[in-house]
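Coordinate analysis (summary)
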Amino acid sequence: MNAEISTRLSSTPRGARLARLLTAQQLAAWGHPYDSDVSGTAQHIVAELAANAVTHGRVPGRDFELRLLILPEDTLRIEVSDARGDRRLRFVTAPDGEHGHGLLLVSLLALTWGVSERDVGKTVWAELALKEPESRRPGASRSPSPQTPGPVD
């Protein structure tokens, strides 16, 4: 099994959508169906990173790169590289803003994430576990989830 793919895509919204579709297809080939939690999480992360690459990291005439690889201990590493090294990543501080929440989503979905500088541009990467936690596997014993008390009449 090839545990790594890498492809260049146009720095356009269409390229970003294609990155998400390619992620779903590759994860299915690696045994994680489209409707699995792993695939859904990976697709969300790729969608956010690719959208950032085409919106903020775009350099006319330059593509962005998507790289997926399986690391030891069943970890998926997602890398999205763009040609702009001069724009730093930033979190939105206005909670009611319409844009800029993508990296917050990535930080919530990924085990870890970060940025690596390149000779040209940068790579934003995220890692997630390919195995579902024991409590989510079929047949695993589940403890009851805590109940939130309702309003008192």
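The following paragraphs examine the structure supplied in this document.

A closer look at the packing of helix α2 (residues 37–55) against helix α3 (residues 102–109)
Running from N to C, α2 and α3 cross one another at 150°; their axes reach a closest spacing of 9 Å. On the basis of their axis angle, the class for α2 and α3 is roughly antiparallel. As α2 packs across α3, the resulting crossing turns out to be left-handed. Contacts between α2 and α3 involve Thr41, His44, Ile45, Glu48, Leu49 and Asn52 from the first element and Gly102, Leu103, Leu105, Val106 and Leu109 from the second.

Details of the packing of aromatic side chains
Under the criterion given, the structure shown has zero aromatic pairs. A cation over a ring is seen here: Arg77 above Trp125, with NZ or CZ 4.2 Å from the ring centre.

Looking at the sheet that holds strand β4 (residues 112–117)
Taken together, five strands build an open sheet; the order of strands is β1-β2-β3-β5-β4 and the sheet is antiparallel. What marks the edges here is a single partner per strand, and that holds for β1 (4–9) and β4. In this sheet, neighbouring strand axes are inclined to one another by 15° on average, regardless of whether the strands run parallel or antiparallel. Pairing of strand β2 (residues 64–71) with strand β3 (residues 75–82), which is carried by seven bridges, proceeds in the antiparallel orientation. Opposite Leu69, over in β3, you have Arg77 as the bridge partner. Contacts between α2 and the sheet are confined to β2, β3 and β5 (122–129), with β3 contributing the most and set at about 15° to the helix.

The rules behind the values
- Residues numbered from 1 in each chain as written.
- Predicted model: local features only at pLDDT ≥ 70, side-chain atom pairs only at ≥ 80, totals over all residues.
- Heavy atoms only, no water.
- Axes fitted to C-alpha atoms, helices over the stretch in contact; angles between N-to-C directions.
- Helix = DSSP H or I, 4+ residues; strand = E, 2+ residues; numbered from the N terminus.
- Parallel < 35°, antiparallel > 145°, perpendicular 65-115°, else oblique.
- Left-handed = near helix turned anticlockwise from the far one by under 90°.
- Contact = heavy atoms within 4.5 Å.
- Phe/Tyr/Trp six-rings, centres within 6.5 Å; stacked < 30°, edge-to-face > 60°.
- Lys NZ or Arg CZ within 6 Å of the ring centre and 35° of its normal.
- Pairing = 2+ DSSP bridges.

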